[in-house]
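# Topology and contacts: notes
Below are the chains, spelled out letter by letter.
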Amino acid sequence: MVPKEKVELPKHYDAKEAEPKWQAYWQDEGIYKFDEQDSEKDVYSVDTPPPTVSGKMHLGHAFSYAQEDYVVRYQRMLGKNVFYPFGTDDNGLPTERLVEKERKVRAHDYSRDEFRKICLDFVNETKPAFTGDWIRLGMSCDFSISYSTIDPHCQKTGQKSFLDLYKKGLLHRKETPVAWCPTCQTAIAQAEFENVDKQSQFHDIVFLSGSKELIIATTRPELLPACVALCYHPTDKRYQELKGKHAKVPLFDHEVPIIPDEDADPEKGTGLMMVCTFGDKEDIEKWHKHNLPLKVVFTKDGKMNEHAPGYEGMKIKEAREQIVQDLQEKKLLRSQEDITHAVNVHERCSTPIEFLKTPQWFVTLLDKKEELLEAADKIKWYPEHMKVRYLHWVENLNWEWCISRQRYYGVPFPVWYTKDGEIVVADEDQLPVDPFKDRPKGNGQDLVPEEDVFDTWMISSVSPQIALDWVGDTKDEMKRMYPMSMRPQAHDIIRTWAFYTITKGLYHHNEVPWNDIVISGHVLDPKGNKMSKSRGNVVEPQGVIEKYSADALRFWAAGVKLGDDLPYMEKDIQTGQKTVTKLWNAIKFCIMHLEDYEGFDGELAFLDRWLLSKFNRIVKECTENFDKYEYSKTKLEAEKFFWQVFCDYYLELVKDRLYTPEKYGEDTLSAKHTLYSVSLGILKLFAPIMPHITEELYQLFYRSVEGKRSIHTSSWPEWREELFDKEAEMVGDEVVKIVAAVRKFKSEKQLSMKAPLSKLKLTTKLNLALVEPDILAVTGAKTLEHKRGEFSIEIEE
C-alpha cells in the first residue's frame, strides 16, 4: 500500500551532492556486503581485477570496471548473494617503476630494505585516493573484502602457490638464456613481450673464409663480437664447399665454424646466417643444438662488456652506430637497406629485449599445452571469439614461464641455498617468509637467501585463491565458491592474467578458476587512436565526473557491446547527462501523482494494457540480454522505451486522466497503477547502469512502498506471460501514429502543441472506440470521425 503522507520533492537533482551521499550510504549500510552466513541464496562470485596502483584511475579503468559492475548489480537484483571483493595490484616491477618516476629515485641506488620502504610508503600514501576513484565511479564492490598484492595475506598465498608447484614438480630453477630487459635489469616472461614496428637497416657485412668473401645480412652488427658460428641450409649449393671450414669475424678477428643447419633460410638475405649469443630465440636453439661456445657481450644494464674490445662501456645503440662506421672505414660493409621490422620490446618500458644466460625460476608450460588448450572449452567466453586469442597464445608458446625478477620490491621466494647450491624451501606453516630475515625450520646451516622476487603475475594469477582465503581459516569458502562465477578483464591481458590464472587453477586444483570470463575492450580517442600522454589525447575520468556525473560516464561506457573498443565522444556523455535529467523529471512527475494511490485490482484501461504489455516485452529482452552479458542491448532497449514510449507518448496520453480524475473514474486508478508499476520498473532497468539517480528517486518514494533499503537490493523486474497483450499493443501503436501525425501537422503549421483542433478524420483497420477520449485529450481535437480501412488521417484546424 502506498503511503498517504506528502513527499517533499526537491526541484532539482544535483549529482555533485547526491552521488557522494549515496556512495557513503551504500558503504555505511553495508548494501553490497557479502553475507557469509546466508547459505540459502545462490552465490555469485567475482574474481575482480585488482587495478595496478598508478596514482589515479584512467578512462580505460572507468570503462571496463563500469561494464563489469552493470553485470554484478544485475545479479544482485536477481536475489543472489554477491561476493565482489576489491583488491589493488601494488607489488613488483610496475609499482617499482612508478615509484622511481614519482619519487625521482633509482632502485639500485638503495639497499633492498630502503627501497622496499620507499615503495611501501608510496603505496600507503596513494592507495586511499586511488581506491576512492573506484568508489566515485559507483562500483558496488564489497570494499570490506579488500586486499593488496603486497600484503602478508597475498604474500602467503603466492608463496603457498610456489611450494605447491615445487612439490608437484611443476617448476624448476636453471641457468639458461632468458629474455632480459636492460632498462628494468630483470628477466621477463614471453607474455611481457610487445611487438612494435621499428625503423632499422639490413647491413651486408663481409666475413672471410680464407680468401673467400662471405656476405652476412644482419640488422644487429653490434652482435658481431658475440658471433659463434655461421649457418647455411644443407641443400644450399652455394655453400657446400664451406662445410667444416671457418670464417673470420670482421673487426674482432676471431674464427667461427661454418655449419649446415636445416633451419637456415636460403631465401633470407644471402642464405648465410650469423649465430650469436644471443640475438633471438633462433640463436638460443642453434647454440643448444650445435653445442656452441658462449660469448656474452652485453652487461645487465645494456652496455658492451670486455668481450667487445674497443666498444666496452658503450650503450648497445651507440656500439651499433660505431661498429657500422668502423666497418665502412675498413670497407667491410657492402651495402645497407632501410627496413621496417617487428621488434620485441618490454611492454613495461618499451626497451628492446635482449637475451642473457642467467639462473632463473620457471613454471613448466610447454609440456602442458594440451591441458591448457582443453581448459578453454570448460569456460564460457563472452564474447565467444575472445577464446581464439587464448588458444592462439597457448599454441604459440615457445618459452616456459619465467617467474623470477631481479628487483627489490615484490613478494620474495620462500627459498634458500646451501653453499653447495642445494635448494631449501620453507614449510607452509611458516608463510609468509622473507629469506633475508627468516630461516627454514630445523635447518641450522649457513644458508644463502634467494635474492629474486616473484613476477607480479605470480601473485595476480592466484587472485581467486587470495579472495577465497585459500591459506586462511575459511577454506570452506574455496569449496563453496571455487570455481568462481565470473572473471571480468580487458582483452589485452588474456595472454597474461587469464592464461596464468587458468594455469594455476589446473595446477593447484585440477579445475578451471571460473565458469564465465567476460572480456572488455579499450577506450580510444574520437579519431580511433589509442589514448596516451605522448599523443596528448588523454581524457581523465575524474574531470568527466566533475563536469557531468558518474552516472553520465557509466551511461557512455554502456554504449558499446562487450569486447568492442569505444571512441570517447563527449556528446555521448552529454546524452547520458540528459538521460539523468529526464529520469529525474519524468519519475518525479509520476511520484507527484502517486501520493494518494492505494493500489488497484480492477480492469485496466486499454492504453494501460498497451504500456504494460510493451514494458513486459522490454523486461523480457533486457533480462535475456543481461543473462548473456549484453548490457549494451539492455541499455539501448531501456533507453528507447523510456524516451520514445513512456515519456514521448504515454505520459502525454495519461495526463488528462491524472489531472481530471472525475471524468474517468476507475480509469484514473488504472493509470496510477500503470504509472507506479512502469516507473518503478524503468528505474530498476536503469539501476545497474546509472546507480545514483535511480537510488535518489527510489529513496524519495518507492522504498517506503517496497520496504527495501536500496533499489540495488530490490528485485529485478519479472516479465509475465499473461501481461503480453497483442490487441492492446496494436491499438496503442495506432494511437502513437495518430499523435505523431498531429504533432507533425501542428509543427508544420507553427501551432502550439496545445492548440485546439476542430476535427480528426481517421481511417484505420482497428476499433479505436475505447481510446477515443485519450486521442481527443492529447491532440486537443473537439471531435473525431472514424471509419475502417487503410490508415490515413485528415486534420481540421
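Quick note: structure is the one above.
I will try to describe carefully the structure that is included in this document.

Below, the discussion takes up the overall build of the protein chain. When you go through the protein chain residue by residue, the secondary structure sums to 23 helices and 28 strands. Its C-alpha atoms put the protein chain at 110 × 65 × 45 Å along the principal axes. Across the 797 residues of the protein chain, 57% fall into the buried class. When contacts within the protein chain are restricted to residue pairs at least 6 apart in sequence, those whose partners lie at least 24 apart make up 77%. As displayed, the protein chain offers around 35000 Å² of accessible surface, 47% of which is attributable to carbon and sulfur atoms. Side-chain charges of the protein chain comprise 109 positive and 132 negative groups, with the mean position of each set lying 3 Å from the other.

A word on the nonpolar core. In globular proteins that are soluble, nonpolar side chains generally tend to be buried together. Trp 556, Leu 583, Trp 610, Phe 646 and Tyr 702 are the most contacted members of the largest nonpolar core, which totals 126 residues. Sort the elements by how many residues they give to this core and helix α18 (residues 631–659) lands first, with 13 residues. The residues contacting Trp 610, other than those within four sequence positions of it, are Val 645, Tyr 649, Tyr 650, Leu 653, Ala 728, Glu 729, Gly 732, Asp 733 and Val 736. Leu 98, Phe 413, Trp 416 and Phe 454 belong to the second-largest nonpolar core, a separate cluster that totals 73 residues.

Per the counting criterion, the structure on display carries 51 salt bridges. We note a salt bridge from Glu 540 to Lys 56, for which the minimum N-O separation is 2.7 Å. Here Lys 56 lies in the loop between β1 (43–45) and α2 (59–77) and Glu 540 lies in the loop between β24 (523–524) and α14 (541–547), a separation of 484 residues in the sequence. Glu 790 serves as the salt-bridge partner of Lys 765, at 2.9 Å between the closest nitrogen and oxygen. Within this pair, whereas Lys 765 is found in the loop between β26 (757–764) and α23 (772–779), its partner Glu 790 is found in the loop between β27 (781–788) and β28 (792–796), the two being separated by 25 residues in sequence. Like Lys 765, the residue Glu 790 is exposed in the burial classification. Beyond isolated ion pairs, a larger network of salt bridges with shared partners links Arg 220, Glu 222, Arg 320 and Glu 354.

Let's shift gears to helix α22 (residues 726–748). Its 23 residues give α22 an end-to-end C-alpha distance of 33 Å, which sits within 8% of 33 Å, the value for a rise of 1.5 Å per residue. Of all the positions in α22, only Ala 728, Glu 729, Val 731, Gly 732, Glu 734, Val 735, Val 736, Ile 738, Val 739, Val 742, Phe 745 and Lys 746 are classed as buried. Phi turns positive one or two residues past the end of α22, at Gln 750, with a value near 55°.

Relative to the helices and strands, Thr 634 resides in helix α18. Since its relative accessible area comes to 0%, Thr 634 is described here as buried.

What follows is about the state of the cysteines. Following the criterion strictly, the structure yields 0 disulfides and no others. In this model Cys 184 remains outside any disulfide bridge; the closest cysteine sulfur is found in Cys 181, 3.7 Å from its own. When its relative accessible area of 0% is taken as the criterion, Cys 184 is described as buried. Unpaired in terms of disulfides, Cys 231 finds its nearest cysteine sulfur in Cys 227, a separation of 9.2 Å.

Here we take up helix α17 (residues 606–627). Taking 1.5 Å of rise per residue, the 22 residues of α17 would be expected to cover 32 Å, and the 32 Å separating its terminal C-alpha atoms lies within 8% of that figure. Downstream of α17 by one or two residues, Tyr 629 has phi in the positive range, about 65°.

Structurally, Thr 176 can be placed in strand β5 (residues 171–181). Each residue touching Thr 176, except ones within four places of it in the same chain, is listed here: His 288, Leu 356, Lys 357, Thr 358 and Phe 362.

Basis of the calculations
- In this numbering scheme, every chain counts its residues from 1 along its sequence in written order.
- Note on the predicted model: pLDDT of at least 70 is required for a residue's local features to be given, and 80 or more for side-chain atom pairs to be given and counted; whole-chain, interface and lining totals, by contrast, use all residues.
- The side-chain figures draw on all heavy atoms in the structure; neither hydrogens nor water molecules are used.
- Numbering of helices and strands runs from the N terminus; a helix is a DSSP stretch of H or I covering at least four residues, while a strand is a stretch of E covering at least two.
- Only protein chains enter the accessibility calculation, which uses a 1.4 Å probe; a residue is then buried when its area is under 20% of its type maximum, exposed when over 50%, and partly exposed in between.
- Contacts are assigned to residue pairs with any non-hydrogen atoms lying within 4.5 Å of each other.
- For the area figures, the Shrake-Rupley method with a 1.4 Å probe applies, and any residue is considered shielded solely by the protein chains shown.
- The positive count covers Lys and Arg only, the negative count covers Asp and Glu only, and His and the chain ends enter neither.
- Charge placement uses NZ in Lys and CZ in Arg. For Asp and Glu, CG and CD serve respectively.
- Nonpolar cores are built from buried Ala, Val, Leu, Ile, Met, Phe, Trp, Tyr and Cys residues. Side-chain atoms within 4.5 Å join them into one set.
- Between Lys or Arg on one side and Asp or Glu on the other, a salt bridge is scored when a side-chain nitrogen of the former is within 4 Å of a carboxyl oxygen of the latter.
- A helix is expected to reach a length of 1.5 Å times the quantity of its residues less one.
- Only a pair of cysteine sulfur atoms within 2.5 Å counts as a disulfide in this structure description.

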